[in-house]
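# A look at the structure
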Amino acid sequence: MAGDVILEISDLSKSFGPVRALRGVNFELHRGEIHALAGENGAGKSTLMNIIDGILQPDRGEIRLDGELVRIASPAAAQKMGIGFVHQEIALCPDVSVAENIFMATTNASRSFLMDYKGLERRAREVFAQLSDIDPAVLVRDLSISNQQLVEIAKALTLECRVLILDEPTAALTEAEAQVLFRIMRRLADQGISIIYISHRMVEIFDNCDRVSVFRDGRHVSTRTVADITPGDVVAAMVGREISDLYPEKLRESERSRREVLRVENLSEVKRFRDVSFTLEEGEILGIAGLIGAGRSEIVKGICRLEGEVTGEVWLQGEKLSLRDYQDSIEAGMVYLSEDRKGDGVFLDMSITANVSALKPEQVANALGLIQTRREEEQAGTLGRKLNLKCGRLQDPVSSLSGGNQQKVALAKMLSVNPRLIFLDEPTRGVDVGAKVEIHRILRDLARDGVGIVVISSELPELIGICDRVMVIHEGRIRGEVSGAEMTEENIMHLASGTTRATGAAPQAAK
Amino acid sequence: MDHTVNMPTTAKADPSVSLVKRLLKMRETGLILIILALFIGMSFASPYFLTWVNIRAMTMAFAVEGIVVVGMTVLLISGGIDLSVGSVTALSMVIAGWLFLSGIDPWLASGLSILACTAIGAFMGFFTTRIGLHHFIVSLAVMVIARGACLLGTGGRPLGLYTLPPEFKFIGQGSIGPIPIVIVMFFVVVIAFDFMLRRTTMFRKVFYTGSNEKAAAYSGIRTKKVVFLTTTLCSALCGVAGIIYMARFGSAQPTFGLGMELNVIAAAVIGGASLKGGSGSIFGAILGAVLLSVVSSSLALLDVSVYWQDIIRGSILLTAVTVDHYLNKSRG
């Protein structure tokens, strides 16, 4: 296999303004191999993939495809060269059929005046014959998330690609579906297609890939055959230090207070989740794991009445809550940090100060309801220092900050009301490693100070690293709970995909 | 950690420079400069331009409409829009005029009419926030309905209100010293709303909602209530404007205010309001209205055909929005 290089990248660099996303990266992809790409968010993986797919142009460096120097001007050009990219976000048209979605590029390139629906469907069936039993005639919006993911992969396959890039394809899949995908990947590789596989899950990388390349801070750190290294080596290479100092110290048994911060009893929502009951003790950090779409965010949003018609009881520090809406939840001291920072976590075009004061602008106003600029700046300044926020002026819009600092503004907004309990949904998504470590430390400090902390995350190492206990959701129910030594990626994944009987304390499993 | 949070000291380092810079960046400064340039140019072009009579006429021309501009700006900031302002203003005149002719005290009739307009706003707010229809469509329908109601109630003819008591007409026609009451009221409304919009928590929530409705909801703001209230406020201010017009004209005109929505929206947008919500200021919007009014007046004085006026006004709007688009881009 060695020497048969299909894609060779040398000395590739790319900057966005002052941010150097890639610094002289070298990378080689062999024919017919499955090559894993590992690295923290912001390490440069996405930038590199976007360059290979023609979405971005490099500032410097060379790309050789089959030994030939190429310039990939656009995604369409990449397709012509046989490069297929399955993005992490599903980008399908929900209102048209699976067949039409798969052949969107072909249809676009077609010269004929009329649509040949029959032909599309027939060819779609041929593609799916080797993939799964999805009916090409149904509309995409009627498919489950995992089937939509398979449609995306089918779409890439129809382009007769030589290089297939898969960006975290299993994030929304169950264990069984993921296994099907891995078999398909291996078959494609055997046919000579080279696959670049991006994932955070070490188990997947070590079970299914041939080689792994690690990126950190825009640099290529190493490329090794998986047989030669351990998952620990990869993680250490990713973060550039030993894992032990990446996460803050956990709650010691002697520190346990056994005072209850939150008690949730039989929380249900018509469509999304059922019979959810759990408690949170003062000082501990509780994690919530589960596949995308399992209902993790929905449960938390239900508790603070952000969405859904919810039944069940919620007790905060021994006091039963009856909330009408989220404003009541904030009044009670229970806040939610959104997973979609840019979409609904911050007001991008408003100032840092206005963002921080948004939960309760009355706090920085006088008795007449007039906002006192000085008090607003004091509030943002105090919280900003506490969270080590890096910014120019406090009146600058939040859009001028980096992802990590935007997230700190969102966090400062939560802290501005001195909450008793914070739900954090993907608190470090799109945040660089440095800020990530800081945010983890802040969460631990808050927990020590008696603030209840509940973290939802799709990154299992993060959950295992910062939580004292992890609750796993599967199809809208609590499937089980792990803590201490049982808290491993493998155990959590099994619970999340529903492949084993629940282990450990499983309050609802008997029902 | 050299770039940690700016301490008050760095912000205060050179306040004069930052103030000048901030002023130059502000939309209002640009508008004032353009208006001043027009004034200077026109004072050479026409000796009549800089006379008290002409300035008073120009001010009167936008003063009442300016009250509607205030309502529209607040609504635009919250992310809404209202096409029915012209019809609702006319309806306010017609309802009050009709009630007065039926023998009701003019002040009471005006109060009831403003209430009716407020109810129309609440009606639109119900459709946009509770049912979830778009502002554009709801207010388009109400624009047509309200106009129809005006025509139905009057048979299409203006209602002559010759018996209006003088103290009522005073609000539309009187003046304190040399300054017309209309202009005084206009300034009171503008200054009050400009201040509230800049400083109060209540109106801050309007900005949050328009800037990013979902993020506002995730900050515990009852966004539907905010939009409901801004929609209602806009119609209520149309009601107030209608009453002032009625007092000024001494009649209720069912066809009054045709095309007013375009003028009002144009003024707000020229003044910095975005149709996407989240930005805008009362001061800027009023400057936008002033600019449009000064241009109209100038064209009239220069004997430009009235038919050209709309073309020029439309072009100004397009230019302002285009310039803004590029300014925002270079900043972002």
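Residues numbered from 1 in each chain as written. Chains lettered and ligands numbered in written order. Predicted model: local features only at pLDDT ≥ 70, side-chain atom pairs only at ≥ 80, totals over all residues. Heavy atoms only, no water.

### Quick word on the overall build of chain A
- Within chain A, the secondary structure is distributed over 18 helices and 20 strands.
- The C-alpha atoms of chain A give 24 Å as radius of gyration, which agrees with the globular expectation for 511 residues (24 Å, within 12%).
- In terms of principal-axis extent, the alpha carbons of chain A reach across some 70 × 55 × 55 Å.
- Sorting the 511 residues of chain A into buried and exposed places 54% on the buried side.
- Here chain A displays about 21600 Å² of accessible surface, and carbon together with sulfur accounts for 48% of that area.
- Charge separation in chain A, taken as the distance between the mean sites of 62 positive and 76 negative side-chain charges, equals 2 Å. (Helix = DSSP H or I, 4+ residues; strand = E, 2+ residues; numbered from the N terminus. Rg over C-alpha atoms; globule rule 2.2 N^0.38 Å. Buried < 20%, exposed > 50% of the residue type's maximum accessible area, 1.4 Å probe, protein only. Areas by Shrake-Rupley, 256 points an atom, 1.4 Å probe, with all protein chains shown as cover. Lys, Arg positive; Asp, Glu negative; His and termini not counted. Charge placed at Lys NZ, Arg CZ, Asp CG, Glu CD.)

### Quick look at the pattern of salt bridges
Residues and elements named next belong to chain A.
- Within the structure shown, the criterion is met by 37 salt bridges over all chains.
- Measuring nitrogen to oxygen at the nearest pair gives 3.9 Å for the salt bridge that ties Glu307 to Lys301.
- A single salt-bridge network, built from bridges that share partners, covers Asp4, Arg31, Asp66 and Arg162. (Salt bridge = Lys/Arg side-chain N within 4 Å of Asp/Glu carboxyl O.)

### Digging into the packing of aromatic side chains
- By the definition in use, this model includes 13 aromatic pairs over all chains.
- Three or more aromatic residues link up through ring pairs in this structure, and these residues are Phe62(B), Phe186(B) and Phe187(B). (Phe/Tyr/Trp six-rings, centres within 6.5 Å; stacked < 30°, edge-to-face > 60°.)

### Focus on the pairing of strand 11 (residues 260-269) of chain A
All names here are of chain A.
- Where strand 11 meets strand 12 (residues 273-281), 6 bridges bridge the pair, whose relative direction is antiparallel. Across the sheet, residue Glu269 finds its bridge partner in strand 12, namely Phe273.
- Between strand 11 and strand 12, which pair antiparallel in sequence order, lie 3 residues.
- The pairing of strand 11 with strand 14 (residues 310-316) spans 6 bridges and is antiparallel. (Pairing = 2+ DSSP bridges.)

### Let's talk about the domain arrangement of chain A
Residue and element names in this part refer to chain A.
- Taken domain by domain, chain A comprises domain 1 (5-241), domain 2 (247-333 + 419-511) and domain 3 (351-417).
- Put simply, the middle of domain 1 and the middle of domain 2, counted by C-alpha atoms, are 32 Å apart.
- The partner domain 2 presents 15 residues to the 10 residues of domain 1 that form the contact.
- Across the domain 1/domain 2 interface, buried area totals approximately 1200 Å², and carbon plus sulfur atoms make up 59% of it.
- Viewed at the interface, domain 2 and domain 1 are joined by 0 salt bridges.
- Seen at the junction of domain 1 and domain 2, the total is 0 residue pairs in polar contact (both at pLDDT 80 or more).
- In the side of domain 1 that touches domain 2, the residues fall into 4 nonpolar, 2 polar and 4 charged. (Domains from an automatic or database assignment. Contact = heavy atoms within 4.5 Å. Buried area = accessible area lost by both parts, 1.4 Å probe. Polar contact = N/O pair within 3.5 Å; in protein donor to acceptor, adjacent residues only side chain to side chain. Nonpolar A, V, L, I, M, F, W, Y, C, P; charged D, E, K, R; others polar.)

### Quick word on the interface of chain A and chain B
- Chain A puts 42 residues into the contact, and the matching count from chain B is 25 residues.
- Buried area between chain A and chain B, both sides added, is near 2900 Å², and the carbon and sulfur share of it is 53%.
- One can count 5 salt bridges joining chain A with chain B.
- The shortest N-O distance in the salt bridge between Glu362(A) and Lys205(B) comes to 2.8 Å.
- Of all the elements in the fold, those that place two or more residues in the side of chain A that touches chain B are helix 11 (326-332), helix 12 (341-345) and helix 14 (373-386) of chain A.
- Among the residues forming the side of chain A that touches chain B, the class breakdown is 17 nonpolar, 11 polar and 14 charged.

### Observations concerning the confidence of the model for chain B
- Looking at chain B as a whole, the pLDDT averages 88, with 91% of positions reaching at least 70.
- Within the model, pLDDT remains below 50 along residues 1-15 of chain B, and this stretch shows 21 contacts once partners closer than five positions in the same chain are excluded. (pLDDT = per-residue confidence, 0-100.)

### Re empty space enclosed by the protein
- Across all of its chains, the model carries 2 cavities of 30 Å³ or more by this definition.
- What the second largest cavity holds in volume is close to 30 Å³.
- If you go around the second largest cavity, the residues you meet are Tyr336(A), Leu337(A), Ser338(A), Asp344(A), Gly345(A), Lys413(A), Met414(A) and Tyr218(B).
- Breaking the lining of the second largest cavity down by element, the ones donating at least two residues are strand 16 (334-337), helix 12 and helix 15 (403-415) of chain A.
- Residue composition of the lining of the second largest cavity, by class: 4 nonpolar, 2 polar and 2 charged. (1 Å grid on protein atoms, 1.4 Å probe; cavity = no way out; pocket = protein on both sides within 12 Å on 5 of 7 lines; lining within 4 Å. Points joined across faces, edges and corners; volume = space filled by probe spheres on them.)

### Quick word on helix 9 (residues 231-239) of chain A
Residues and elements named next belong to chain A.
- Listed in full, the buried residues belonging to helix 9 are Val234, Val235, Ala237, Met238 and Val239.
- Where the residues of helix 9 are buried, they touch strand 3 (34-38), helix 8 (202-208), strand 9 (211-216) and strand 10 (219-225).
- Phi turns positive, to about 75°, at Gly240, one or two residues after helix 9.

### Description of the sheet that holds strand 14 of chain A
Residues and elements named next belong to chain A.
- Strand order in the open sheet formed by 4 strands is 12-11-14-15, and the pairing between neighbours is antiparallel. Strands with a single pairing partner mark the edges of an open sheet, and in this sheet they are strand 12 and strand 15 (319-320).
- Of the strands in this sheet, strand 11, strand 12 and strand 14 are in contact with helix 10 (residues 296-303), which crosses strand 12 at around 70°. (Axes fitted to C-alpha atoms, helices over the stretch in contact; angles between N-to-C directions.)

### As for helix 14 (residues 282-301) of chain B
All names here are of chain B.
- The end-to-end C-alpha distance of helix 14, which contains 20 residues, comes to 28 Å, matching closely the 28 Å that a straight helix rising 1.5 Å per residue would cover.
- The N-capping residue of helix 14, defined by a side-chain oxygen 3.0 Å from the backbone nitrogen of Gly284, is Ser281.
- One or two positions beyond helix 14, positive phi appears at Asp303, with a value near 60°. (Expected span 1.5 Å × (residues − 1).)

### Looking at the nonpolar core
- Counting 92 residues, the largest nonpolar core has Val70(B), Tyr208(B), Ile282(B) and Ile286(B) as the members making the most contacts within it.
- Counting residues per element, this core draws most heavily on helix 4 (residues 52-77) of chain B, which supplies 14 residues.
- Apart from residues lying up to four places away in sequence, Ile282(B) is in contact with Val70(B), Thr73(B), Val74(B), Val190(B), Phe193(B), Asp194(B) and Leu197(B).
- In this structure, Ile303(A), Ala332(A), Val356(A) and Val455(A) belong to the second largest nonpolar core, which totals 84 residues. (Core = buried A, V, L, I, M, F, W, Y, C linked by side-chain atoms within 4.5 Å.)

### As for unusual backbone geometry
Residue and element names in this part refer to chain A.
- In the Ramachandran plot, Asp217 falls in the positive-phi region, its phi being about 50° despite a non-glycine side chain.
- Relative to the helices and strands, Asp217 resides in the loop between strand 9 and strand 10.
- By relative accessible area, which is 44% here, Asp217 ends up partly exposed.
- Not every positive phi belongs to a glycine, and Asn418 is a case in point at roughly 45°.
- With respect to the helices, strands and loops of the structure, Asn418 is situated in the loop between helix 15 and strand 17 (421-425).

### A few points about the sheet that holds strand 20 (residues 477-483) of chain A
Residues and elements named next belong to chain A.
- The sheet built from 6 strands is open, its strands ordered 16-17-18-13-19-20 with mixed pairing. Unpaired on one side and paired on the other, strand 16 and strand 20 mark the two borders of the sheet. With direction set aside, neighbouring strand axes in the sheet form an average angle of 20°.
- Relative to strand 18 (residues 452-456), strand 13 (residues 285-290) runs parallel, the two being bridged by 4 bridges. What sits directly across from Ile285, in strand 18, is Ile453.
- The strands that helix 18 (residues 489-497) touches are strand 13, strand 19 (469-474) and strand 20; relative to strand 19, the one it contacts most, it runs at about 30°.

### Concerning the packing of helix 6 (residues 106-131) of chain B against helix 8 (residues 166-173) of chain B
Residue and element names in this part refer to chain B.
- It is the contact of helix 6 with helix 8, at a shortest axis distance of 9 Å, that shows an interaxial angle of 50°. Here helix 8 runs oblique to helix 6, going by the angle between their axes. Residues Pro106, Trp107 and Ser110 of helix 6 form the contact with helix 8, whose participating residues are Glu167, Phe168 and Ile171.
- Partitioning the contact of helix 6 with helix 8 into residue classes produces 4 nonpolar, 1 polar and 1 charged. (Parallel < 35°, antiparallel > 145°, perpendicular 65-115°, else oblique.)

### Things to note about a nonpolar patch on the surface
Residue and element names in this part refer to chain B.
- The grouping of Ile32, Leu33, Leu36 and Phe283 at the surface amounts to a nonpolar patch, some 350 Å² of accessible area in total.
- Here the nonpolar patch gets 3 residues from one element, more than from any other, and that element is helix 3 (residues 27-45).
- Mapped onto the fold, Leu36 is located in helix 3.
- For Leu36, a relative accessible area of 46% translates into the label partly exposed. (Patch = residues over 30% accessible without salt bridge, like charges linked within 9 Å, V, L, I, M, F, W, Y side chains within 5 Å.)

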